[in-house]
Amino acid sequence: MRFQEALQDGRILIADGAAGTLLQAAGLPAGMAPEEWNVLEPTKIEAMHRAYLEAGAQIILTNTFGGNRLKLARMKKESELERFNRAAVEIARRAAEPFGAWVAGDMGPTGELMVPLGSLTFDEARRAYAEQAGILADAGVDLLVIETMSDLEEARAAALGALEGADLPVVVTMSFDTRGRTMMGVTPEQLMETLWPLGLTAIGANCGRSLEENLEAFRRLREANPKARLWIKPNAGLPRLDGDRVVYDVTPAQFAEFALKFRAYGAQIIGGCCGSTPAHIAAVARALQSSAVPGSE
Ligand SMILES: [Zn+2]
């Protein structure tokens, strides 16, 4: 079934959890572009995807979060852009096929500041996202997800770039990690007002801080537009340092409890961000199933 048909059914779909956390645990060297592992360690990326699929994820995100030209240029890897992105889609497709899951092409921030704070122009950003979207689409993803955005203009450039670079459903989510706003000061209401009218398939929040803060940002998105289709991939709570290790304390059971709260606010796609693991996603899948709203399935 095509992704958009599944959404029209009104079904709630489960997305995967954190990638960075798992890749670091699998030995990703500090300072290496995670996208480079798509060609160096494809079996490790595939194992990560499979772990989430076995946990119940119906949507997996390609390992291409930093796969735009501007971000790769910071790692001096822009000449590998096409190879890294194509390899990521091949790996994800191979993993998803037996499960009948959807593959979402993941796109993150450029890492550059837009003018006037920095030197990145709107058109330059839009072209970078259109380029990545075009490669991901050509390689065979089912949808595109622009996530962890903080700057509203960069998010708008990304959305427009993705919509013009590919003929696919596009999702945009921002990280509300600074007292109810993104680091760049964007409110949930501003995200909804500015980006939903562009023709997105879903909109929402990811990463952020605590589950409570994510729920509040999510509630505001819902209130800003009762009809928009909402996507949520929260962190498994706040990170803290244990020696030199970053740890997240939210248990799979607590995470699943919040999945039900997000559903009550109308979330149609629920997954996880930093700190969430296959165990968290499995708990979400069980909770959503065992408390299915009567008549909804
Ligand atoms: Zn995150």
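Relevant structure appears above.
Draft legend 1. A look at the coordination of the zinc ion. The protein atoms donating to the zinc ion are Cys207 (SG), Cys273 (SG) and Cys274 (SG), with metal-donor distances spanning 2.2 to 2.3 Å. All donors of the zinc ion belong to a single chain; written as a sequence motif, their spacing is C-x65-C-C. Highlighted residues: cysteine 207 in strand β6 (residues 202-207) and cysteine 273 in the loop between β10 (267-270) and α12 (278-290), separated in sequence by 66 residues. Pair check on accessibility: cysteine 207 and cysteine 273 agree, each one buried.

Draft legend 2. Structural detail: the packing of helix α11 (residues 252-264) against α12. At a minimum axis distance of 8 Å, the contact between α11 and α12 shows a crossing angle of 50°. Considering their axes alone, α11 and α12 lie oblique with respect to each other. Note on packing geometry: the crossing formed by α11 with α12 is right-handed. Counting all contacts with α11, which are made through Pro252, Phe255, Ala256, Ala259, Leu260 and Arg263, the residues of α12 involved are Ala279, His280, Ala283, Val284, Ala287 and Leu288.

Draft legend 3. Local environment of the side chain of aspartate 106. Tracing the backbone shows aspartate 106 in strand β3 (residues 102-107). Leaving out residues up to four positions away in the same chain, aspartate 106 has contacts with Leu61, Thr62, Thr64, Phe65, Gln132, Leu136, Val145 and Glu147.

Draft legend 4. Representation of the pattern of salt bridges in the model. What the rule picks out here adds up to 22 salt bridges. As a salt-bridge pair, aspartate 138 and arginine 86 come within 2.5 Å of each other at their nearest N and O atoms. Of the two residues, aspartate 138 sits in helix α7 (residues 122-139) while arginine 86 sits in helix α6 (residues 81-96), which places them 52 residues apart along the sequence. By relative accessible area, arginine 86 is classed as partly exposed at 25%. For arginine 219, the salt bridge goes to glutamate 216, with nearest N and O atoms at 2.8 Å. With arginine 219 and glutamate 216 both in helix α10 (residues 211-224), this residue pair falls 3 residues apart, about one helical turn. Among the charged side chains, a salt-bridge network with shared partners connects Glu46, Arg50 and Arg94.

Each value, and the rule that gives it
- Residues numbered from 1 in each chain as written.
- Predicted model: local features only at pLDDT ≥ 70, side-chain atom pairs only at ≥ 80, totals over all residues.
- Heavy atoms only, no water.
- Donors = N, O, S within 2.8 Å, 3.2 Å for Na, K, Ca; no water.
- Helix = DSSP H or I, 4+ residues; strand = E, 2+ residues; numbered from the N terminus.
- Buried < 20%, exposed > 50% of the residue type's maximum accessible area, 1.4 Å probe, protein only.
- Axes fitted to C-alpha atoms, helices over the stretch in contact; angles between N-to-C directions.
- Parallel < 35°, antiparallel > 145°, perpendicular 65-115°, else oblique.
- Left-handed = near helix turned anticlockwise from the far one by under 90°.
- Contact = heavy atoms within 4.5 Å.
- Salt bridge = Lys/Arg side-chain N within 4 Å of Asp/Glu carboxyl O.

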